[in-house]
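Chain by chain, the residues run as shown.
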Amino acid sequence: MTWIIMICLLVGGAVVQTVIPSSAIIGGAKLPVLVSVVLYYALTRSVTVTLAAAFLAGFLHDVLSQIPLGHSVFCYCIAGWLAGYFRSMVLTDSIITTIIFGGISNAFVTAFFYLMLLQDDLIHYSYGLVALRIVGALVLGMICTPVIFHFARWLDSLVGNIEMEQSLDGIE
């Protein structure tokens with residue numbers, strides 16, 4: 001059931017990320033739904049599941065955007081692997097963890113996209129616009145990731161992939 005939920009989250013996330021427009025105020029950074037889904041699996045599942053989610057998310061991102069095939073897959077796999085590396089050192093249920101990991105990962109992925117596209121001579125942005133876009137990606141990652149984590153955790157508990165914790169007085 002984990003794989004079905006993962007595919008639903010990734011396809012739905014790809015649609016949301018593609019449909020919601022970016023803003024010039026934050027340098028044109030897009031909502032990082034796919035990065036957030038990869039982080040969810042990195043902090044809650046094994047490395048194999050994380051890399052599968054990162055590969056599928058990167059493939060969907062490359063197909064639905066103007067980035068050459070393979071760039072997003074590489075960035076998402078590195079971000080997922082690094083986040084999964086720290087899984088045993090952090091509280092994965094904490095909202096602070098999701099805010100920090102979401103912001104840093106999205107900023108990293110955005111900066112790495114810029115460097116890879118610059119190396120291939122596919123973009124020509126000013127350094128100010130790139131800095132604004134990275135800061136915008138950081139802020140959007142900090143906002144989007146806790147929402148995606150909450151939704152994915154709810155969906156996983158709904159189908160029985162994870163069990164909800166109960167409080168002492170019996171109210172969930």
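For the structure itself, look to the data block above.
So, how was this worked out
Residues numbered from 1 in each chain as written. Predicted model: local features only at pLDDT ≥ 70, side-chain atom pairs only at ≥ 80, totals over all residues. Heavy atoms only, no water. 1 Å grid on protein atoms, 1.4 Å probe; cavity = no way out; pocket = protein on both sides within 12 Å on 5 of 7 lines; lining within 4 Å. Points joined across faces, edges and corners; volume = space filled by probe spheres on them. Helix = DSSP H or I, 4+ residues; strand = E, 2+ residues; numbered from the N terminus. Nonpolar A, V, L, I, M, F, W, Y, C, P; charged D, E, K, R; others polar. Expected span 1.5 Å × (residues − 1). Polar contact = N/O pair within 3.5 Å; in protein donor to acceptor, adjacent residues only side chain to side chain. Buried < 20%, exposed > 50% of the residue type's maximum accessible area, 1.4 Å probe, protein only. Patch = residues over 30% accessible without salt bridge, like charges linked within 9 Å, V, L, I, M, F, W, Y side chains within 5 Å. Areas by Shrake-Rupley, 256 points an atom, 1.4 Å probe, with all protein chains shown as cover. Salt bridge = Lys/Arg side-chain N within 4 Å of Asp/Glu carboxyl O. Contact = heavy atoms within 4.5 Å.

Undergrad: Would you mind going over the layout of surface pockets in detail, with residue names and values included?
TA: Quantified by volume, the largest pocket comes out at close to 750 Å³. Contributing to the lining of the largest pocket are 33 residues, with Lys30, His61, Ile67, Phe113 and Arg133 lying nearest its centre. Listed by contribution, the elements that provide at least two residues to the lining of the largest pocket are α1 (2-19), α2 (33-44), α3 (47-64), α5 (95-119) and α6 (127-159). Top element by residues in the lining of the largest pocket is α5. It accounts for seven residues. For the lining of the largest pocket, a count of residues per class yields 22 nonpolar, nine polar and two charged.

Undergrad: Residue-level account of α5, with values.
TA: Compared with the 36 Å implied by 1.5 Å per residue over 25 residues, the 36 Å span of α5 between its first and last C-alpha is a close match. Looking at where α5 begins, the residue whose side-chain oxygen comes 3.2 Å from the main-chain nitrogen of Ile96 is Ser94. After α5 finishes, the residue Asp121 shows a positive phi value of roughly 60°.

Undergrad: Kindly report on unusual backbone geometry, identifying the contributing residues and their values.
TA: Even without a glycine there, the phi angle at Asp121 is positive, about 60°. Within the secondary structure, Asp121 sits in the loop between α5 and α6. Taking relative accessible area as the criterion, Asp121 reaches 52% and is therefore assigned exposed.

Undergrad: How would you explain a nonpolar patch on the surface if you had to name every residue and give the values?
TA: Taken together, the side chains of Ile7, Val11, Val15, Val19, Phe55, Leu56, Phe59, Val63, Leu64 and Leu69 present a nonpolar region at the surface, about 930 Å² in accessible area. Counting only elements with at least two residues in the nonpolar patch, the list comes to α1 and α3. Among the elements that make up the nonpolar patch, the one with the highest residue count is α3 (five residues). Position of Leu56 relative to the elements: it lies in helix α3.

Undergrad: With reference to specific residues and values, describe helix α4 (residues 71-85).
TA: Under the 1.5 Å per step criterion, the end-to-end length of α4 is 21 Å for 15 residues, consistent within 8% with the ideal 21 Å. Of the residues making up α4, those classed as buried are His71, Ser72, Val73, Cys75, Tyr76, Cys77, Ala79, Gly80, Ala83 and Gly84. Tucked into the core, α4 has its buried residues touching α1, α2, α3 and α5.

Undergrad: How would you sum up the environment of Phe151? Please name residues and give values.
TA: When you line up the elements, Phe151 lands in helix α6. A relative accessible area of 42% means that Phe151 is categorised as partly exposed. A sequence separation of 142 residues divides Phe151 from Leu9, and the C-alpha atoms of the two residues are 9.3 Å apart.

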